[in-house]
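Examining the three-dimensional arrangement
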Amino acid sequence: MTFTIRCIDCGHKAPFFPTSVSCPRCNSQWREAEYDLETVASNLPLQLPSRPFDLWRYRELLPVRNLNQALTLGEGGTPLIQAVNLGMMLGCPNIYIKDERQGPTSSFKDRQAAVTIAALKEAGITEMVVASTGNVAISYSAYAARAGIKLWAFVTSLVPAVKMREIAIYGSQVVKVTGSYDQAKQVAAEFARQRNLYLDMGARTITSVEAMKTIAYEIAEQLTALRGPSPKISANQSQPLWRAPDWYIQSISGGMGPLGIIKGFSELRRMGLIDREPATALIQTEGCAPMTQAWNEDKDTASPVISPRTHIETLATGDPGRTYTLLYKLTKENHGTFDSVNDEEAFRAMHVLAKMEGISAEPAAAVAFAGLFKLVRAGIIKSTDVVVVNCTGHTMPTEPFLLGENWASSVVLPSRSLEDSPQEGLLAALNRVAPARFPRVAIVDDSEEARRLIRRILQSQGNFTIFEAENGKQALELVKKENTDLIILDLMMPEMDGFAVLDALKTEPQTASIPVIVSTAKELTADEKNKLKGQIQALMQKGDFLSDEFLEEVRALLG
Ligand SMILES: *Cc1c(COP(=O)(O)O)cnc(C)c1O
Ligand SMILES: [Zn+2]
């Protein structure tokens, strides 16, 4: 393994020692690993086919000298999943989710922990200190347990109790600090100094930044497998190039993730494996958005947020320090952006993601998806763009406030009546679970995909009896036979189109007053809009609504 550590302030190059935290010449703590990329580029692609799909398949580009099989928990190698339903709702079909929930402790911090703890173990460390908004401490605790390192985890008292207990179960010492995350960091640093313990340096930890790069490598390999290699040929290797996405989106707190991932894409480009780097969209919560604020004012330094106001503690880094200055420059270069969303938008995105894609993410991870929705709607992300969103963390048991009331129905069996007549007692109890008749909805669309999407939207958050028709004639028969309460109607269908269906509905007394929602992929002309006037109750443009917006219309019409 040939790599050196270069100081980004004075350029001095030195060999790597995991426990030496500053430049021997100028004392700067900001340094990065440099590899002989030319050599790696000519060897690595030949090695990859025979290696398992995990983080260590890129070992030539990681600052660990010897692979320690005894430490690994199967980190890295998470799936890249196409978000078909989100794509249809947003009118942006090429959205992919890098599912980092599938790491050993369910967040992308597992990469950082695996590489950093491996390096510290190599350096003989047996006790260390970390400050965390939750997930770093959980990941470090798991790997520290395997490595035989005692971990002191300083967290703010706002970290959800389930996460604190998760840290403790691995045998780490949890220290709750009543104060902000930035204050918890200061307390941890002072504790480490007094006891002369190794302190994790966040984004200045070379192994941590390097570990995050593997997300970029995996995305490029996976996109190549899913979409085929780039049509271009690499200039120096005459072999097909890997694929890079147009956008990489992540929610950020301290900004360590993107620092590494942008470096990863840059190394791939310099090795001639991809031909361009993605734009990055880095999303914060409005209650703690120092980087977005500075970006919007086009400043390269961020003013710290002293008292973050957000429920999303994972993202409550108030003072990003120099990491922002580095990210500012990198984001300018890749034509990306910073943005922010509020907590409610994040919780809403969390529901949409879970209900429409089967992916339950923690609120901090959902912030990235709320950012995606915002950027697509603003036209900054184009409908043809290939977008990868990092789903950085799994929800630790869903916290009560995220669901509100009435999220479960209960069956209470009266024990007496069960003994007397078991069948009747059961029936009566089940009847209380839900009414016998649900609102009856007809979905009329010639596209099976479109029908499936609307069926899913309705079934994910309500009780409806759903019927489907794939053409106008079927629709008319169905509506009469099934006495539907609502019709969701596509306009563009072969033979009998939506306009003709509407005409036929309105001429029959039995069907004339059934409310109709038109859902169409077509930009309507003024003439067509006029024709619909008075005939329908709502118009929904396909590719331009999220599931909950659609449901609101449906609920309003059913009263
Ligand atoms: C750590 C974390 C983030 C923020 O990551 P940074 O790159 O360090 O800013 C976002 N979401 C989740 C779930 C995290 O654990
Ligand atoms: Zn230096």
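Residues numbered from 1 in each chain as written. Chains lettered and ligands numbered in written order. Predicted model: local features only at pLDDT ≥ 70, side-chain atom pairs only at ≥ 80, totals over all residues. Heavy atoms only, no water.

Attention now moves to the coordination of the zinc ion (ligand 2). Each protein donor to the zinc ion (ligand 2) is listed here as Cys7 (SG), Cys10 (SG), Cys23 (SG) and Cys26 (SG); together their distances run 2.3 to 2.4 Å. Relative to the metal, the 4 donor atoms surrounding the zinc ion (ligand 2) lie at angles of 104 to 114°, and the coordination shape comes out tetrahedral. Relative accessible area serves as the criterion here: at 28%, Cys10 is assigned to the partly exposed category. Judged by relative accessible area, which is 36%, Cys26 ranks as partly exposed. (Donors = N, O, S within 2.8 Å, 3.2 Å for Na, K, Ca; no water. Tetrahedral: all angles 85-135°; square planar, octahedral: opposite > 155°, others 65-115°. Buried < 20%, exposed > 50% of the residue type's maximum accessible area, 1.4 Å probe, protein only.)

Running from N to C, helix H7 (residues 206–227) and helix H8 (residues 256–270) cross one another at 55°; their axes reach a closest spacing of 7 Å. Regarding the angle of H7 to H8, the classification is oblique. As H7 runs across H8, the sense of the crossing is right-handed. Contacts from Ser208, Val209, Glu210, Met212, Lys213, Ile215, Ala216, Tyr217, Ile219 and Ala220 of H7 reach H8 at Met256, Gly257, Leu259, Gly260, Ile261, Lys263, Gly264, Phe265, Glu267 and Leu268. Residue classes in the contact of H7 with H8 are distributed as 12 nonpolar, 4 polar and 4 charged. (Axes fitted to C-alpha atoms, helices over the stretch in contact; angles between N-to-C directions. Helix = DSSP H or I, 4+ residues; strand = E, 2+ residues; numbered from the N terminus. Parallel < 35°, antiparallel > 145°, perpendicular 65-115°, else oblique. Left-handed = near helix turned anticlockwise from the far one by under 90°. Contact = heavy atoms within 4.5 Å. Nonpolar A, V, L, I, M, F, W, Y, C, P; charged D, E, K, R; others polar.)

On to the environment of Lys374. The topology assignment puts Lys374 in helix H12 (residues 363–377). Given the relative accessible area of 33%, Lys374 is considered partly exposed. C-alpha separation for the pair Lys374 and Gly393, spaced 19 residues apart in sequence, amounts to 20 Å. Leave out the neighbours within four places in its chain, and Lys374 touches Asp339, Ser340 and Val341.

For strand E15 (residues 387–391), a buried count of 5 out of 5 residues is recorded, marking the element as mostly surrounded by other parts of the structure. Side chains Val387, Val389 and Cys391 project from E15 onto one buried face, and the interleaved Val388 and Asn390 project onto a second face that is buried too. Note: strand E5 (residues 95–99) against E15, 5 bridges, orientation parallel. Pairing of Ile95 across the sheet is with Val387, part of E15. (Pairing = 2+ DSSP bridges.)

Let us look at the sheet that holds strand E17 (residues 465–469). Strand order in the open sheet made by the 5 strands is E17-E16-E18-E19-E20, with parallel pairing throughout. Either end of the sheet is taken by a strand with one partner, and the two such strands are E17 and strand E20 (538–541). Taking each pair of neighbouring strands and ignoring which way they run, the sheet shows an average axis angle of 20°. Here 4 bridges tie strand E16 (residues 440–444) to strand E18 (residues 486–489), and the two strands are oriented parallel to one another. Along E18, the bridge assignment pairs Val441 with Leu486.

Attention shifts here to the domain arrangement of the protein chain. One can read the domain layout of the protein chain as domain 1 (80–101 + 208–391) and domain 2 (440–558). Of all residues in domain 1, the largest losses of buried area upon contact with domain 2 belong to Met88, Met89 and Lys355, amounting jointly to 44% of the total for that side. Linking domain 1 with domain 2 are 3 salt bridges. One salt bridge connects Arg348 with Glu549, and the closest N-O pair in it is separated by 3.2 Å. At the boundary of domain 1 and domain 2, one finds 9 residue pairs in polar contact (both at pLDDT 80 or more). Mapped by element, the contributors of at least two residues to the side of domain 1 that touches domain 2 are helix H2 (84–90), helix H11 (343–357) and H12. It is H2 that contributes the most residues to the side of domain 1 that touches domain 2, 5 residues altogether. Across the side of domain 1 that touches domain 2, the residue classes break down as 7 nonpolar, 2 polar and 3 charged. (Domains from an automatic or database assignment. Buried area = accessible area lost by both parts, 1.4 Å probe. Salt bridge = Lys/Arg side-chain N within 4 Å of Asp/Glu carboxyl O. Polar contact = N/O pair within 3.5 Å; in protein donor to acceptor, adjacent residues only side chain to side chain.)

We now examine the side chain of Thr314. Among the structural elements, Thr314 can be located in the loop between helix H9 (290–296) and helix H10 (322–333). On the accessibility criterion, Thr314 (10% relative accessible area) is buried. A distance of 3.3 Å separates a polar atom in the side chain of Thr314 from a polar atom in the side chain of Lys163. For Thr314, the contacting residues outside a window of four places in its chain are Thr133, Asn135, Lys163, Ser253, Glu362 and Ala364.

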